[in-house]
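Structure assessment
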Amino acid sequence: MKMTKLLATLLYAAVFVGRSSVHAYNSILEQEEAGIESNNLKGTTQRELKMSYMNGGNSKIGNYFEKYISIYDRCCVPEFVLGGSRGDCKCPVRTAKWWIFDWYSKWEAKCESSITAKSSIVALASSNDDFSTLVTLLSEYPDLVDALSKPGTFTVFAPTNAAFDEITSTVATLTEDQIKEVLMTHVLGSVVKEADLSNGAAVDTLAAGEQVTVTLSDGKAFVSAAGNNNGAAEITATDLQASNGVVHVIDKVLIPDLN
């Protein structure tokens, strides 16, 4: 009899916790889909200093990006280990031991799709009006937009609008394929942060056979494309973090040898 009562109590507790878990999980997902940050996701962003560069941009889109990069940091980055979590995540479906109900995998799917896309390099660039020319050019190449919106490890040297204004006449002479090659010359297939930059380093880009070279001089960092057709670009802001990599802001467009 005691054993029967014990089993009944355990069953009731499991059902109660399960219902509460489903409700909490659905509530978070519904709020995330609606663009509302759940109370469990609120907190101070880790990028207030680095992202101060973005203040001159579209504040509404910028805040949207900030919200989702914060969600990504606290709810997608920590690695899940059996019986708990690693890192400081405030999302119940991420930290509680609910993996047996398969809710963890559902949240992981969100991390790898909508949350990543909304905090990606493309989302970061779109959040600042000073990158509008870059975003417009990228939009002509859906495969690049798709790649830079998905999970990955990228580094992008992002020219400002002023940098593109300096080469307006040059861009007008380029073919679509050449413009794509120029854009891909600004993208590395790995994460290279400011601390990783070393003088004279030549790094492969996504453009086939193209590298960029880093130069450190007088406390400043510069990057140039092979052929150095537009001179070395100064890196004016570093380590703007996105869910799929980092962005360094540069003051010139990198133009490789297109012959």
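What you see is a predicted model; the values in this text were computed from it and never measured.

1. Things to note about the overall build of the chain
- Across its full length, the chain holds 10 helices and nine strands.
- Taking all 259 residues of the chain together, 44% fall into the buried category.
- Sequence separation of 24 or more characterises 65% of the internal contacts of the chain that already satisfy a separation of 6 or more.
- Accessible surface, the chain: about 13400 Å² in total, of which carbon and sulfur atoms supply 55%.

2. A few points about the sheet that holds strand 3 (residues 154-159)
- Read from one edge to the other, the open sheet built from seven strands follows the order 4-3-9-8-7-6-5, with strand pairing classed as mixed. The sheet is open, and its two edges are formed by strand 4 (187-188) and strand 5 (202-204), each paired on a single side.
- As judged from the three bridges shared by strand 5 and strand 6 (residues 211-217), these two strands associate in the antiparallel manner. Across the sheet, the residue bridging to Val203 is Val212, located in strand 6.

3. Brief notes about unusual backbone geometry
- Positive phi, normally seen in glycine, also occurs at Asp218, with a value near 50°.
- Residue position: Asp218 is located in the loop between strand 6 and strand 7 (220-225).
- Judged by its relative accessible area of 77%, Asp218 falls in the exposed class.
- A positive phi is found at Asp239, a non-glycine position, where the angle reads about 55°.
- Inspection of the secondary structure assignment puts Asp239 in strand 8 (residues 233-242).

4. Focus: the nonpolar core
- The biggest cluster of nonpolar side chains holds 35 residues, and the ones touching the most others in it are Leu124, Val156, Leu183, Val247 and Val253.
- Mapped onto this core, the elements with two or more residues apiece are helix 2 (59-75), helix 5 (121-126), helix 6 (132-138), strand 3, helix 8 (161-165), helix 10 (176-185), strand 8 and strand 9 (245-250).
- Broken down by element, this core gets its largest block of residues, five residues, from helix 5.
- Other than its neighbours up to four places away in sequence, Val253 contacts Pro159, Ala163, Phe164, Ile167, Val182, His186 and Asn230.

5. Considerations on the pattern of salt bridges
- Tallying each qualifying case throughout the model produces two salt bridges.
- The partner of Asp143 in a salt bridge is Lys180, and the shortest N-O contact between them spans 2.6 Å. Here Lys180 lies in helix 10 and Asp143 lies in helix 7 (residues 142-147), a separation of 37 residues in the sequence.
- Between Lys150 and Asp146 there is a salt bridge whose closest N-O contact spans 3.0 Å.

6. Topic: the environment of Ser119
- Its location among the elements puts Ser119 in the loop between helix 4 (103-118) and helix 5.
- With a relative accessible area of 0%, Ser119 lands in the buried category.
- For the pair Ser119 and Asp73, spaced 46 residues apart in sequence, the C-alpha to C-alpha distance is 9.7 Å.
- If near-sequence neighbours (up to four positions away) are discounted, Ser119 is found in contact with Phe65, Tyr68, Ile69, Tyr72, Ala242 and Ser243.

7. Here's the deal with the state of the cysteines
- Counting across every chain of the model gives one disulfide.
- Across the disulfide from Cys76 sits Cys111; the S-S distance is 2.1 Å. With the S-S bond torsion at -85°, the cross-link from Cys76 to Cys111 turns out left-handed. With Cys76 in the loop between helix 2 and strand 1 (80-81) and Cys111 in helix 4, the pair connects residues that are 35 residues apart, well separated along the chain. There is no split in this pair, since Cys76 and Cys111 are both buried.

8. With respect to the side chain of Gln241
- Here Gln241 shows up in strand 8.
- Given the relative accessible area of 18%, Gln241 is considered buried.
- At 3.3 Å, the side chain of Gln241 and the backbone oxygen of Gly245 are in polar contact.

9. Thoughts on the environment of Ile250
- Relative to the elements of secondary structure, Ile250 occurs in strand 9.
- When the C-alpha positions of Ile250 and Phe222 are compared, they lie 8.4 Å apart, and in sequence the two are 28 residues distant.
- Ignoring any residue separated from it by four or fewer positions in sequence, one finds Ile250 in contact with Phe157, Ala158, Pro159, Thr160, Ala163, His186, Val223, Ala233, Glu234, Ile235 and Thr236.

10. Brief notes about the confidence of the model for the chain
- Confidence in the prediction for the chain averages 77 pLDDT; 65% of positions are at 70 or higher.
- Across residues 10-26, confidence stays below pLDDT 50; counting only partners more than four residues off in sequence or on other chains, it has nine contacts.

Cut-offs used in this document
- Residues numbered from 1 in each chain as written.
- Predicted model: local features only at pLDDT ≥ 70, side-chain atom pairs only at ≥ 80, totals over all residues.
- Heavy atoms only, no water.
- Helix = DSSP H or I, 4+ residues; strand = E, 2+ residues; numbered from the N terminus.
- Buried < 20%, exposed > 50% of the residue type's maximum accessible area, 1.4 Å probe, protein only.
- Contact = heavy atoms within 4.5 Å.
- Areas by Shrake-Rupley, 256 points an atom, 1.4 Å probe, with all protein chains shown as cover.
- Pairing = 2+ DSSP bridges.
- Core = buried A, V, L, I, M, F, W, Y, C linked by side-chain atoms within 4.5 Å.
- Salt bridge = Lys/Arg side-chain N within 4 Å of Asp/Glu carboxyl O.
- Disulfide = S-S within 2.5 Å.
- Polar contact = N/O pair within 3.5 Å; in protein donor to acceptor, adjacent residues only side chain to side chain.
- pLDDT = per-residue confidence, 0-100.

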